[in-house]
Amino acid sequence: MARIRVHQISKETGIHWKEVISKLKQLGIEVKESASSTVSETEADKFYMHLREERRRAQAKAMQPKKTKKKEEKKEHPSEKKKKKKAKEKRKEEKPAKEPPKEKAAPQREEKKEPVKPIGDLSGLMTRRKTRPSKKKKRKRERKELFTEDKTLAGRVDMDEGTLWLPDTILPIELAELMDEPVEDVIDTLKKHGISTGERVPISFETATMIGNEYGFEVLPLEGEEKIVRPESANLQPRPPVVTVMGHVDHGKTTLLDYICSTKVAEREAGGITQHIGAYQVKMKEGIITFIDTPGHYAFTTMRARGASVTDIVILVVAADDGVMPQTIEAINHAKVANVPIVVAINKIDKPGVNPDKVKQDLATHGLVPEEWGGETIMVEISAKTGQGVDELLEMVLLQAEMLDLKADPTIPAKGTILEARLDTKRGVVATVIVQEGTLKRGDAVVAGLHWGKTRAMFDHAGKPINEAGPSVPAEVLGLSGVPMAGEALVVVENERKAREISQERKAKERDSMLSKPRLSLEEMMRQLQQGKAEELRVVLKTDVHGSLEAVREALERAGNEEVAVKVIHGGVGGITESDILLAAAANAIVVGFNVRPDSQARNAAEREKVEVRLYRVIYDLLDDVKKVLEGMLGTETQEEVVGRAEIREVFSVPKIGKVAGCYVLEGTIQRTSSVRLIRDGVVIHEGKLASLKRFKDDVKEVAAGYECGMHIEGFQDIKKGDIIEAYTTQEVARKLEETKA
């Protein structure tokens, strides 16, 4: 017998799924506390019959009280009607006393009409003169309205704590309004301190601090983030869910999106691996879903974490033939930290011999227990190539979205997150934004990280121009002054002036923090090298988008160890320029380009300055080459190999030479050029070289095991019978990065 889901009953009846579950339990039907739980057809029919009876009773009750109320109203208030009649009679008795003055009022009206006639000709002129000042009043009102809007950004106050947060400059009238004091008093206080100013002339933060302290306030600087005052959301409306597709490399994430979104992303990416975040919006009969495709390679951990921070639901793609992999576990952890519900898509079930139950068992060990096993995680078996189970997967995604009750206010100024940003040679700075609150419109003044701008143009995921983007809508935005960091917030502010101010303050703080960092001089670097401290591979890194810049930087920094390290002295988005080459030459660095190319001036500068430029399209190749360079910087290590052992069986004294050992070679070979070590009772007594090696009276190059020989150790005479002479050779071997890490 077919079973019906609770959320389907909820849609058909228009009742929330939680009320449906409570009513099912009242009817004695056992069901889980989940919208995806199911009931049989007979149980569903029983629920529908019960619901019809309830509605009939409600209709009957709604009809009865209307008739009874009217009758009760007529019967209940007879005494009140008598009181009203008596009150009317009293009013009639009082009216005649006031009627005589009406006769005097009539001539007054006639007297008023007579003088109005001669002045009628001038009334038009008077009204014309009044029209001009009325326009000025309108302008003054508009200015006041603009001023009041700016006042909300002038500062912040906490009256309970007695704390003021003020910007670098503020108007005295704004300061007075924040402190709830008359403007005249604030101006007088300024004059007492020798500062003659007007109420609309800006004063510095130090002056405002002095005035605030005098009025009993603690004054603190207003940070750039606090300057953007967000209005409260009053008009909340349902918004589409933002879904992130996560999983391991080559588990079918992009193939699934290709089937859903009808886009060929995998063909555009190098090596078939998704290396940028792509945002797509899909329209279906049931609703709209926004998809974010995050890369699966471990180097793009930062991008995946950023995707999880803006998403509502995670689709975790796990290949049925591969199972749970390291990046699968990583994706689970990111989703759990972000407190985002997970819908598991077990992919590649069309392959023969796959075992989805084994995948479910592995996922259960990581806290994802399927619903059919009594857990809360929805798992759907799909095939991204054939489309099997994809419709059911989307249905489960919309079910989760309905349970989350996602809402946003589209009427307030927009706030979103930068998914990626790049510098296009033709269009300038292009930023991919997903709107989280409000509506982003063309022409809005925005701030994103250190940069500001005005949205000159906007495009949807298909590249079509749009004029606005509401909540959960991804859009490409043009018009920013620079390339913002991926993951930074994009916020709409009142005007370009305010956006520029906030951007300049943030840049000033960033500049101060950079200058406060200690710089490594050439003398300091040489001192560290002499002391055997860490060596650095300095890199100037350029990538095509900001998301790749973060990921490649992180992968490079993880490639080193305690002895050698990679230091990215500069990272940027866009092609390799001449300034990048000059910076690398000055810092003794190499230039690494990821999906970018140098221009002709940069090539000429690289040849002139002898700077190495390496270009890559796949991150695996980049990391392998960097690892080889780091291993070369590690240098070599000396490895020792024992080639033979001999026992001293007799000691001879030879004139003018000294003591000569008569030996028997126990193992290996004793070579004339080998280094030797004299061992007595397991303790090394001496290490040195052989002065001579003879067999009988002839000098030989080597003596093999099982033969006797005579050896004279250079510069050493303390040899005894029974000592062991060990011959060994040393060789320089290149060190491996893995060995040093271990």
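Residues numbered from 1 in each chain as written. Predicted model: local features only at pLDDT ≥ 70, side-chain atom pairs only at ≥ 80, totals over all residues. Heavy atoms only, no water.

Draft legend 1. Representation of the overall build of the protein chain within the structure. Per the secondary structure count, the protein chain includes 22 helices and 36 strands. Per-residue burial for the protein chain yields a buried fraction of 43% across its 742 residues. Of the contacts made within the protein chain by residues no fewer than 6 positions apart, 69% connect residues no fewer than 24 positions apart. Put simply, the protein chain shows about 42,800 Å² of open surface, and 50% of that area lies on carbon and sulfur atoms. (Helix = DSSP H or I, 4+ residues; strand = E, 2+ residues; numbered from the N terminus. Buried < 20%, exposed > 50% of the residue type's maximum accessible area, 1.4 Å probe, protein only. Contact = heavy atoms within 4.5 Å. Areas by Shrake-Rupley, 256 points an atom, 1.4 Å probe, with all protein chains shown as cover.)

Draft legend 2. Fine view of the environment of Leu622. Structurally, the position occupied by Leu622 is in helix H21 (residues 619-634). According to the relative accessible area criterion, Leu622 is buried, its value standing at 0%. Distance in space between the C-alpha atoms of Leu622 and Phe594 is 8.4 Å, their sequence separation being 28 residues. Once residues within four sequence positions are removed from consideration, Leu622 is found in contact with Val552, Leu556, Val592, Phe594 and Tyr616.

Draft legend 3. Looking closely at the nonpolar core. Counting residues in hydrophobic clusters, the biggest one holds 45 residues, and the most contacted among them are Ile9, Phe47, Leu256, Ile260, Phe291, Ile315 and Leu393. With eight residues, the single largest contributor to this core is helix H15 (residues 390-404). Judged by nonpolar contacts, the second largest core, of 41 residues, contains Val433, Val564, Val573 and Val592. (Core = buried A, V, L, I, M, F, W, Y, C linked by side-chain atoms within 4.5 Å.)

Draft legend 4. How the structure looks around the sheet that holds strand S3 (residues 156-158). Strands sit in the order S3-S4-S7 across an open sheet of three strands; the sheet is mixed. Whereas interior strands pair on both sides, the edge strands pair on one side only; in this sheet they are S3 and strand S7 (218-221). Along the sheet, successive strands turn relative to each other by an average axial angle of 20°, direction set aside. Relative to S7, strand S4 (residues 163-166) runs parallel, the two sharing four bridges. Bridging across to S7, Leu164 finds its partner in Val219. (Pairing = 2+ DSSP bridges. Axes fitted to C-alpha atoms, helices over the stretch in contact; angles between N-to-C directions.)

Draft legend 5. Region of interest: the packing of helix H7 (residues 183-192) against helix H8 (residues 205-214). Contact geometry for H7 and H8: axes closest at 11 Å, N-to-C directions at 110°. The angle between H7 and H8 places the two elements in the roughly perpendicular class. Relative to H8, the crossing made by H7 is right-handed. Residues Val186, Thr189 and Leu190 of H7 touch H8, and the partners they reach there are Thr207, Ile211 and Glu214. When its residues are assigned to classes, the contact of H7 with H8 shows three nonpolar, two polar and one charged. (Parallel < 35°, antiparallel > 145°, perpendicular 65-115°, else oblique. Left-handed = near helix turned anticlockwise from the far one by under 90°. Nonpolar A, V, L, I, M, F, W, Y, C, P; charged D, E, K, R; others polar.)

Draft legend 6. How the structure looks around unusual backbone geometry. In this structure, Ser472 takes a positive phi of about 70° despite not being glycine. The residue Ser472 is located in the loop between strand S22 (468-469) and strand S23 (474-480) in this model. In this structure Ser472 comes out as buried when scored by relative accessible area, which is 2%.

Draft legend 7. Seen up close, the side chain of Glu371. Turning to its location among the elements, Glu371 is positioned in the loop between helix H14 (356-364) and strand S14 (378-381). Looking at Glu371, the relative accessible area reads 16%, which means it is buried. The contacts of Glu371, once residues within four sequence positions are left out, are Arg5, Lys32, Ser34, Ser36, Glu376, Thr377 and Ile378.

Draft legend 8. Structural view of helix H1 (residues 6-13). Where H1 is concerned, the buried positions are Val6, His7, Ile9, Ser10 and Thr13. All buried residues of H1 project into a common sector of 155° when viewed along the axis, lining one side. (Arc of directions from axis to C-beta.)

Draft legend 9. Spatial organisation of the environment of Lys720. The residue Lys720 is located in the loop between strand S35 (708-713) and strand S36 (724-734) in this model. Residue class for Lys720 comes out partly exposed when judged on its relative accessible area of 45%. Considered as a pair, Lys720 and Arg649 are 71 residues apart in the sequence and their alpha carbons are 8.6 Å apart. Aside from chain neighbours lying at most four places away, what touches Lys720 is Ile648, Val651 and Arg680.

Draft legend 10. Focus on the pairing of strand S19 (residues 445-448). Here S19 shows a buried face lined by Ala445 and Val447 and a second buried face lined by Val446 and Ala448. As judged from the four bridges shared by S19 and strand S20 (residues 451-459), these two strands associate in the antiparallel manner. Paired with Ala448 across the bridge in S20 is His451. The turn joining S19 and S20, which pair antiparallel and follow one another in sequence, is formed by two residues; a positive phi near 65° is taken by Gly449. Inspection of the sheet shows S19 paired to strand S24 (residues 489-493) by four bridges, in the antiparallel sense. Across the sheet, residue Ala448 finds its bridge partner in S24, namely Leu490.

Draft legend 11. Molecular detail of the pattern of salt bridges. Inspection of the entire model under this criterion finds 24 salt bridges. For Glu501, the salt bridge goes to Lys498, with nearest N and O atoms at 3.4 Å. On the criterion of helical spacing, the pair formed by Glu501 and Lys498 is a turn pair, its members being three residues apart in helix H16 (residues 496-516). Note on Glu501: relative accessible area 29%, which makes it partly exposed. Residue class for Lys498 comes out buried when judged on its relative accessible area of 8%. (Salt bridge = Lys/Arg side-chain N within 4 Å of Asp/Glu carboxyl O.)

Draft legend 12. A look at the packing of aromatic side chains. Within this structure, the stated rule accounts for one aromatic pair. Above the face of the Phe459 ring, Arg427 is positioned so that its terminal group lies 5.5 Å from the ring centre. Across the ring face of Tyr728, the terminal group of Arg677 is positioned such that the distance to the ring centre comes to 4.0 Å. (Phe/Tyr/Trp six-rings, centres within 6.5 Å; stacked < 30°, edge-to-face > 60°. Lys NZ or Arg CZ within 6 Å of the ring centre and 35° of its normal.)

Draft legend 13. Up close: the packing of helix H19 (residues 578-587) against helix H20 (residues 600-609). Two elements in contact, H19 and H20, have axes whose closest approach is 8 Å; the angle formed by their N-to-C orientations is 20°. With respect to each other, H19 and H20 are oriented roughly parallel. Judged by the twist between their axes, the crossing of H19 over H20 is right-handed. Residues Glu578, Ile581, Leu582 and Ala585 of H19 lie in contact with H20, whose contacting residues are Gln601, Ala602, Ala605, Ala606, Arg608 and Glu609. Here the residues of the contact of H19 with H20 are counted per class, giving six nonpolar, one polar and three charged.

Draft legend 14. Fine view of a nonpolar patch on the surface. A surface patch of nonpolar side chains, amounting to about 250 Å² of accessible area, comprises Phe652, Val654 and Ile657. Examined against the element boundaries, Phe652 turns out to sit in strand S29 (residues 636-654). With a relative accessible area of 45%, Phe652 lands in the partly exposed category. (Patch = residues over 30% accessible without salt bridge, like charges linked within 9 Å, V, L, I, M, F, W, Y side chains within 5 Å.)

Draft legend 15. Main features of the confidence of the model for the protein chain. Within the protein chain, residue pLDDT values average 77, and 75% of them lie at 70 or more. Note that residues 263-268 has pLDDT below 50 and, in this model, ten contacts with residues that lie over four places away or in other chains. (pLDDT = per-residue confidence, 0-100.)

Draft legend 16. Representation of the pairing of strand S16 (residues 415-424) in the model. Where S16 meets strand S17 (residues 428-437), nine bridges bridge the pair, whose relative direction is antiparallel. Bridging across to S17, Arg422 finds its partner in Val430. Hairpin connection from S16 to S17: three residues lie between these consecutive antiparallel strands. Pairing of S16 with S24, which is carried by three bridges, proceeds in the antiparallel orientation. If you follow Gly416 over to S24, its bridge partner there is Leu490.

Draft legend 17. Geometry of a negative patch on the surface. A contiguous patch of negative charge, built from Glu184, Asp185, Asp188 and Glu199, is present on the exposed surface. Overall, Asp188 belongs to the partly exposed group, its relative accessible area being 40%. (Lys, Arg positive; Asp, Glu negative; His and termini not counted. Charge placed at Lys NZ, Arg CZ, Asp CG, Glu CD.)

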